[in-house]
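Structural description and commentary
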Amino acid sequence: MGAAVETVDRTAFVDWLQRIGDSALILGHRVSEWCGHSPALEEDIALANQALDLIGQCQLWLGLAAEVEGKGRTADQMAYLRDVAAFRNALLVERPNGDFGQTLMRQFLFDAWHIELLRALRSSLDPRVAEIAAKAEKEVAYHLERSAELVIRLGDGTAESHERMERALALLFPYTGELFMDDDVDRAVAAAGIGPLPSSLKPAWEQTVRAVLAEATLTWPGEVYQHKGGKKGVHSEYLGYILAEMQFLQRAYPGATW
Amino acid sequence: MNSTAKPDVDQVWRWLSEVPDPEIPVISLTDLGIVRDVEWQDDTLVVTVTPTYSGCPATTIINLDIETALRARGVEKLRLDRRLSPPWTTDWLTSEGREKLRAYGIAPPVDGTAADGRLLGRISRLAGGSNLVIACPRCNSTATEKISQFGSTPCKASYRCKDCLEPFDYFKCI
């Protein structure tokens, strides 16, 4: 194992890995809710593919979290057998899908952060973190291209689509601040050279988001109240419903496989 | 074959080159470039495989197909390892594999055109849609347009030919 692992607090490291893995998992699950309901077949396929990428990444992150934890849990057990308060995903990803524009806006705000995180993690001192990040970054680059392109098309589209995108932005922007707030877990991981401080990702994120919003003729919301809690396990009521659906099979038929 | 014999590594590679990709059966696993290593560790044959996409649902089928193919050839002690790094890239598709894709109706990847997530210099292009020139695998016309960034599998995008009017898959560069 890498030297970084020896020096970092194991609980903090596991927690931090769960933050990344859980955000991918919950967003993947949210996006998969569109399967069969999208406005066009191509969008349906695109959303399903993206959900698949995110869930695949989640498997890698939670697999590593389980390995670092060393208690014999698996990625599946982490995904299916933890309750709400044990989830560490950002609040942004548990927000409801709303209309197609709202789903796309959430995806864009997330992708623009996700790519910066993964890019920074490629130089992680923990080689296991670095290799997952290098793999995921290639996939997320496509997610970002797509979500940015659609935010521009819908924002700079009809009066109706523009208005919906403005509304989606106003609704979701207050959930982006949490992505850049540093806490003790982040500081422990950053001190060990495993990951960046979340706050360090903000300038690049802001530059991307501002540029895309400008092209989309949408207004940068500026300083607004920011919700927080997801990273510490304090969630909105939505997460419980997501888990109820996602975990039903494993809860009803423990250990079921196919 | 004598079950205690150890087929040499080149022979194993040849066998693997006959195992089709489960989703695009015209190309083999070695054409796709996902078999990274074949070696004997004592009396165990170790085949190292890298996933194309993290969530590719074909991954488990691919492992099963490799196992089935090698067991059918008499390999008894076999282990499949997963290697993530360096991450799979379409640059590893063999030129033979690219030709097979084209003949099958899937436009092969245009190297060096992967999304890189650096948006700032690309926004004007994004606003105008992709300017990537992808030739139609049916009629060779370059008058094609992107329908969607994602296609029938995670590794493909959907395009349409403006000349022969056929939709087709583009195996996107990653």
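Residues numbered from 1 in each chain as written. Chains lettered and ligands numbered in written order. Predicted model: local features only at pLDDT ≥ 70, side-chain atom pairs only at ≥ 80, totals over all residues.

1. Concerning the overall build of chain A
The following threshold applies: Think of it this way: any DSSP run of H or I at least four residues long counts as a helix, any run of E at least two long counts as a strand, and we number them from the N terminus. Our exposure labels follow a C-beta count within 10 Å of each residue's own C-beta, placed from the backbone: buried means 20 or more other C-beta atoms, exposed means 12 or fewer, and partly exposed covers the counts in between. C-beta atoms are first placed from the backbone for all residues, and any pair lying within 7 Å is then listed as a contact.
When you go through chain A residue by residue, the secondary structure sums to eleven helices and zero strands. Taken from N to C terminus, the helices and strands of chain A fall in the order α-α-α-α-α-α-α-α-α-α-α. For chain A, the spread of C-alpha atoms along the principal axes amounts to about 55 × 40 × 30 Å. The buried share of chain A, taken over its 258 residues, is 50%. For chain A, the proportion of contacts with a sequence separation of at least 24, taken over those separated by at least 6, is 75%.

2. Considerations on the packing of helix α6 (residues 100–121) of chain A against helix α8 (residues 159–172) of chain A
All names here are of chain A. Note the threshold: Geometry is summarised by axes, namely lines fitted to C-alpha atoms with helices restricted to the contacting stretch, and by angles between N-to-C directions that run from 0 to 180 degrees. Every angle not falling under 35 degrees, over 145, or within 65 to 115 is termed oblique; those three ranges are roughly parallel, roughly antiparallel and roughly perpendicular. Note on convention: the crossing is left-handed when the near helix lies turned anticlockwise from the far helix by less than a right angle, right-handed when the turn is clockwise.
Contact pair α6 / α8: the axes reach a minimum separation of 9 Å and the direction vectors enclose 50°. As the angle between them shows, α6 and α8 are arranged oblique. Where α6 crosses over α8, the handedness of that crossing is right-handed. Where α6 approaches α8, its residues Gly101, Gln102, Met105, Arg106 and Leu109 are matched on the opposing element by Ser161, Arg164, Met165, Ala168, Leu169, Leu171 and Leu172.

3. What about the environment of glutamate 43 of chain A?
Residue position: glutamate 43 of chain A is located in helix α3 (residues 41–69). Separated by 57 residues in sequence, glutamate 43 of chain A and phenylalanine 100 of chain A have C-alpha atoms that sit 9.7 Å apart.

4. Comments concerning the domain arrangement of chain B
Residue and element names in this part refer to chain B. We count it as follows: Just so you know, the domain bounds were taken from an automatic or database domain assignment. Polar here means any residue outside two lists: the nonpolar Ala, Val, Leu, Ile, Met, Phe, Trp, Tyr, Cys and Pro, and the charged Asp, Glu, Lys and Arg; Gly therefore counts as polar.
The domain architecture assigned to chain B consists of domain 1 (9–82) and domain 2 (93–171). Using only C-alpha atoms to locate each centre, domain 1 and domain 2 end up separated by 28 Å. With eleven residues of domain 1 at the interface, the matching set in domain 2 holds eleven residues. Considering only residue class, the side of domain 1 that touches domain 2 consists of six nonpolar, three polar and two charged.

5. Considering the pairing of strand β6 (residues 156–161) of chain B
All names here are of chain B. Rules: Two strands pair under a simple rule: DSSP has to find at least two bridges between them.
Summarising the sheet, strand β5 (residues 144–148) and β6 pair through four bridges and their orientation is antiparallel. Across the sheet, the residue bridging to serine 148 is serine 158, located in β6. For β6 and strand β7 (residues 167–171), the ladder comprises five bridges, and the chain directions are antiparallel. Within β7, the position partnered with alanine 157 by the bridge is tyrosine 170. Counted along the chain from β6 to the antiparallel partner β7, the turn is five residues long, and its residue leucine 165 has a positive phi close to 70°.

6. Quick notes on α3 of chain A
Residue and element names in this part refer to chain A. Under the convention used in this document: Here a helix's expected span is defined as the number of its residues, less one, multiplied by 1.5 Å.
The terminal C-alpha atoms of α3, which comprises 29 residues, lie 41 Å apart, in line with the 42 Å expected from a rise of 1.5 Å per residue. Burial runs high along α3: 21 of the 29 residues are buried. Just downstream of α3 lies glycine 70, where phi reads positive at about 70°.

7. Brief notes about the sheet that holds strand β4 (residues 106–107) of chain B
Residues and elements named next belong to chain B. Taken in spatial order, the four strands line up as β4-β7-β6-β5 in an open sheet, and their pairing is mixed. Unpaired on one side and paired on the other, β4 and β5 mark the two borders of the sheet. Direction of pairing for β4 relative to β7: parallel, over a ladder of two bridges. Bridge assignment links isoleucine 106 to a residue of β7, and that residue is aspartate 169.

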